[in-house]
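# Descriptive analysis of the structure
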Amino acid sequence: MPSTRSSTGHSKPRVHLSVSTEPERKHRTTGTTAGTKKHTTTTTTSGSRARTGGGVTKRAPATHHKRKPHLSDKIEGAAEKLVGKVTRRPGKKAAGTRKMRGTDGKNSRTKRV
């Protein structure tokens, strides 16, 4: 015989939460709105630090040589990646991934004439 909710002690009313399926609008955190003006201030610094930029120079990021991998490179890389995964050698797995993507450095150095 099936038991009722009141006899099992779970007689709380069932609450069905309504979830809206409409897309949410993104809130703007920066920028100007229609009725406000953006307030800007300027500061002036004196001394050698203002002219040199504070002594911090950023180097341009190194470009990573990428070649177009051939079908044989993709097959060899997949096999190497599988061997690395099975033998639990993350370096071997990473080398296979690089070979598949063409970022392994093959043909990166050309002979100078």
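Structure report, in brief.

Scoring rules and cut-offs
- Counting starts from 1 at the beginning of each chain's written sequence and moves along it residue by residue.
- For this predicted model, a pLDDT threshold of at least 70 governs which residues receive local features, and a threshold of 80 or more governs which side-chain atom pairs are given and counted, while totals over whole chains, interfaces and linings are taken from all residues.
- With hydrogens and water stripped out, all remaining heavy atoms of the structure feed into the side-chain values.
- In DSSP terms, a helix is any run of H or I states spanning at least four residues, a strand is any run of E spanning at least two, and both are numbered starting from the N terminus.
- By this rule, a helix spans an expected 1.5 Å times one less than how many residues it contains.
- Only protein chains enter the area calculation, which uses a 1.4 Å probe; residues under 20% of their type maximum are buried, those over 50% are exposed, and those in between are partly exposed.
- Directions are taken from the helix axis to each C-beta atom, and the arc is the one they span.
- Throughout, a residue-residue contact means that at least one pair of heavy atoms, one from each residue, lies within 4.5 Å.
- Within this document, salt bridges are pairs made up of a side-chain nitrogen of Lys or Arg and a carboxyl oxygen of Asp or Glu, the two lying within 4 Å of each other.
- For helices, the axis comes from a line fit to the C-alpha atoms of the stretch in contact; other axes are also lines fit to C-alpha atoms, and the angle between any two N-to-C directions lies between 0 and 180 degrees.
- Any angle that is under 35 degrees is reported as roughly parallel, and any over 145 degrees as roughly antiparallel; angles of 65 to 115 degrees are reported as roughly perpendicular and all others as oblique.
- Note: crossing handedness is left-handed where the near helix turns anticlockwise from the far helix by less than a right angle, and right-handed where it turns clockwise.
- Here the term charged refers only to Asp, Glu, Lys and Arg, the term nonpolar to Ala, Val, Leu, Ile, Met, Phe, Trp, Tyr, Cys and Pro, and the term polar to all other amino acids, Gly among them.
- Exposure above 30% relative accessible area and the absence of a salt bridge qualify a residue for a patch, where like charges join within 9 Å and nonpolar side chains (Val, Leu, Ile, Met, Phe, Trp, Tyr) within 5 Å.
- Here the open area of atoms and residues is found with the Shrake-Rupley method and a 1.4 Å probe, where only the protein chains shown may cover a residue.
- Counted as positive: Lys and Arg. Counted as negative: Asp and Glu. His and the chain ends are not counted at all.
- We put the charge of a Lys on NZ, of an Arg on CZ, of an Asp on CG and of a Glu on CD.

In a regular helix each residue adds 1.5 Å, so 16 residues correspond to 22 Å; helix 3 (residues 71-86) covers 23 Å between its end C-alpha atoms and thus fits that length. Within helix 3, burial applies to Asp73, Gly77, Glu80 and Gly84. Buried residues of helix 3, seen end-on, are gathered within an arc of 65 degrees and therefore sit on one face of the element. Those residues of helix 3 that are exposed and aimed more than 90 degrees away from the buried face are Leu71, Ile75, Leu82, Lys85 and Val86. Contact partners of the buried residues in helix 3: helix 4 (90-101).

Summed over all chains, the structure comprises 5 salt bridges. The shortest N-O distance in the salt bridge between aspartate 73 and lysine 106 comes to 3.6 Å. Linking aspartate 73 in helix 3 with lysine 106 in the segment after helix 4, this pair joins segments that are 33 residues apart in sequence. The buried category is assigned to aspartate 73, whose relative accessible area is 2%. Residue glutamate 76 is joined to lysine 99 by a salt bridge in which the shortest nitrogen-to-oxygen separation is 3.6 Å. Of this pair, glutamate 76 sits in helix 3 while lysine 99 sits in helix 4, placing them 23 residues apart in sequence. Assessed through its relative accessible area of 42%, glutamate 76 is described here as partly exposed. Here the residues in one salt-bridge network are Arg67, Asp73, Asp104 and Lys106, joined through shared partners.

A word on the packing of helix 3 against helix 4. Running from N to C, helix 3 and helix 4 cross one another at 165 degrees; their axes reach a closest spacing of 7 Å. For the element pair helix 3 / helix 4, the angle class is roughly antiparallel. For the crossing formed where helix 3 meets helix 4, the hand is left-handed. Across the interface between the two elements, Asp73, Lys74, Glu76, Gly77, Ala78, Glu80, Lys81, Val83, Gly84 and Lys85 of helix 3 pack against Lys92, Lys93, Ala95, Gly96, Thr97, Lys99 and Met100 of helix 4. Residue classes in the contact of helix 3 with helix 4 are distributed as 4 nonpolar, 4 polar and 9 charged.

Okay, a positive patch on the surface next. Residues Lys66, Lys68, Lys74 and Arg101 make up a contiguous surface patch of positive charge. You can see arginine 101 is positioned in helix 4. The exposed category is assigned to arginine 101, whose relative accessible area is 55%.

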